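One-letter residues, chain by chain:
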Amino acid sequence: MKLRLGIPKGSLQDATVALFARAGFNVYVNSRSYFPTVDDPQIECMLIRAQEMARYVADGILDAGLTGQDWIAEQLGAAVLPVESLGENIPSVVSVCDLVYAKQSFGKVRWVLAAPEDSRFKRPQDFEGATIATELVKVTEQYFRRMGIKVLVEFSWGATEVKPPVLADGIVEATETGSTLRANRLAIIDTVMESNTQMIANRDAWIDPEKREKLENISLLLKAAIAAQGRVGIMLNARRDDLARILGLLPALRRPTISPLAEGDWVALNTILEERTVRDLIPRLKAAGAEGIVEYPLNKIVM
């Protein structure tokens, strides 16, 4: 069995390869080839632009691929059903899992309607009869159609944020932080859609028992790698008399694991914390009586 898997080429490529590495799959990309190698004999990878991924999965050229909800909606005309909600009639493309990561962060991307800060455009209705530049043409047309606003939506080949006010009245553009829009003196007027990465598969791959099992295993490990992002493990020893005070300092996914030590008055604690909290927490744990405090990195958390 070989699973033909599409890896998004472009802005999401490095983040995707890094995510697969944390999940235990080492993907090796050659700058001269569109066919990365992976240290799993059951997977064949191909680099495909995220904008085209859904079409190649739907056509059966790829069994599965990673791409954004935005490009799925743009290519297929609508979102795809998650596998958890499938009935007997399986659609041509299904969503195996949501993977909330982007090129700069582990968060969602927003496609926003924006216009120059000093323009007359302050709300969507002000764009009646205006020209909008975007890479996300179909989704943008649907957005304005739902509100009954007539606009001309033009496809943009890139550098969309520099087009207003000369080449377009406004734009619909993807942003994680809004910094590029602010740098070009553009004001965000509305959110057209939010998007995150999904792993999608076609019907034939999903109903194939071996490929489905492989997809479910990849999904499990990728989600576990995302869940571990920004978290660390903490181990420490404490006297039983200090336990209540130490537990009061420890937020956790679950209550900490507590194990007795050879000396009856002592226990060992093991828990998971947000990494950003540790620098403030360790001195407080020490002051509360904790000893032998060890912080260690996490690759995966299987929920």
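Presented here is a report on the structure given in the accompanying data block. Since the model is a prediction, treat every value here as computed from it, not as a measurement.

## Details of the overall build of the chain
And step 1. A tally of regular secondary structure across the chain gives 9 helices and 16 strands.
And step 2. Taken along its principal axes, the extent of the C-alpha atoms in the chain is 75 × 55 × 40 Å.
And step 3. The 303 residues of the chain split such that 46% are buried.
And step 4. Restricting the contact set of the chain to residue pairs at least 6 apart, pairs at least 24 apart contribute 68%.
And step 5. Accessible area of the chain: about 15,900 Å², with a carbon and sulfur share of 49%.
And step 6. On the chain, the mean spot of the 36 positive side-chain charges and the mean spot of the 39 negative ones are 2 Å from each other.

## Here's the deal with the pattern of salt bridges
And step 1. Within this structure, the stated rule accounts for 11 salt bridges.
And step 2. Ionic pairing is found between Arg123 and Asp126, a salt bridge with its closest N-O pair at 3.3 Å.
And step 3. A residue is classified by how much of its surface remains accessible, and Arg123, at 47% relative accessible area, is partly exposed.
And step 4. When its relative accessible area of 18% is taken as the criterion, Asp126 is described as buried.

## Observations concerning the pairing of strand S7 (residues 109–116)
And step 1. Counting buried positions over the 8 residues of S7 gives 7, a clear majority of the element.
And step 2. Both S7 and strand S11 (residues 186–195) contribute to a ladder of 8 bridges, which runs antiparallel. Within S11, the residue paired with Val112 across the bridge is Thr191.
And step 3. Alignment of S7 against strand S10 (residues 170–175), held across 5 bridges, turns out to be antiparallel. The residue of S10 that forms the bridge with Trp111 is Ala174.

## Remarks on the sheet that holds strand S1 (residues 3–9)
And step 1. Within the open sheet, the 5 strands sit side by side as S4-S1-S5-S12-S6. Their pairing is mixed. Each of the sheet's edge strands pairs with one partner strand only, and the pair in question is strand S4 (43–49) and strand S6 (93–99). For this sheet, the mean inter-axis angle between neighbouring strands, taken without regard to orientation, is 30°.
And step 2. Contacts from helix H3 (residues 69–76) reach strand S5 (64–68), S6 and strand S12 (197–202), with the element oriented near 105° to S5.
And step 3. Most of the contacts of helix H7 (residues 209–228) go to S6, to which it runs at about 25°, and overall it touches S1, S4, S5, S6 and S12.

## What to know about the sheet that holds S7
And step 1. Strand order in the open sheet formed by 5 strands is S9-S8-S10-S7-S11, and the pairing between neighbours is mixed. Since the sheet does not close on itself, it has two edges, and those belong to strand S9 (152–155) and S11, each with one partner. The average undirected angle you get between the axes of adjacent strands in this sheet is 25°.
And step 2. Taken together, the 3 bridges between strand S8 (residues 131–134) and S10 define a ladder with parallel strand orientation. The residue of S10 that forms the bridge with Thr134 is Val172.
And step 3. H3 contacts S7 and S11 of the sheet and is inclined by roughly 75° relative to S11.

The rules behind these values
- Residues numbered from 1 in each chain as written.
- Predicted model: local features only at pLDDT ≥ 70, side-chain atom pairs only at ≥ 80, totals over all residues.
- Heavy atoms only, no water.
- Helix = DSSP H or I, 4+ residues; strand = E, 2+ residues; numbered from the N terminus.
- Buried < 20%, exposed > 50% of the residue type's maximum accessible area, 1.4 Å probe, protein only.
- Contact = heavy atoms within 4.5 Å.
- Areas by Shrake-Rupley, 256 points an atom, 1.4 Å probe, with all protein chains shown as cover.
- Lys, Arg positive; Asp, Glu negative; His and termini not counted.
- Charge placed at Lys NZ, Arg CZ, Asp CG, Glu CD.
- Salt bridge = Lys/Arg side-chain N within 4 Å of Asp/Glu carboxyl O.
- Pairing = 2+ DSSP bridges.
- Axes fitted to C-alpha atoms, helices over the stretch in contact; angles between N-to-C directions.

Note that every value here comes from positions in space, so none of it alone points to a role or purpose.
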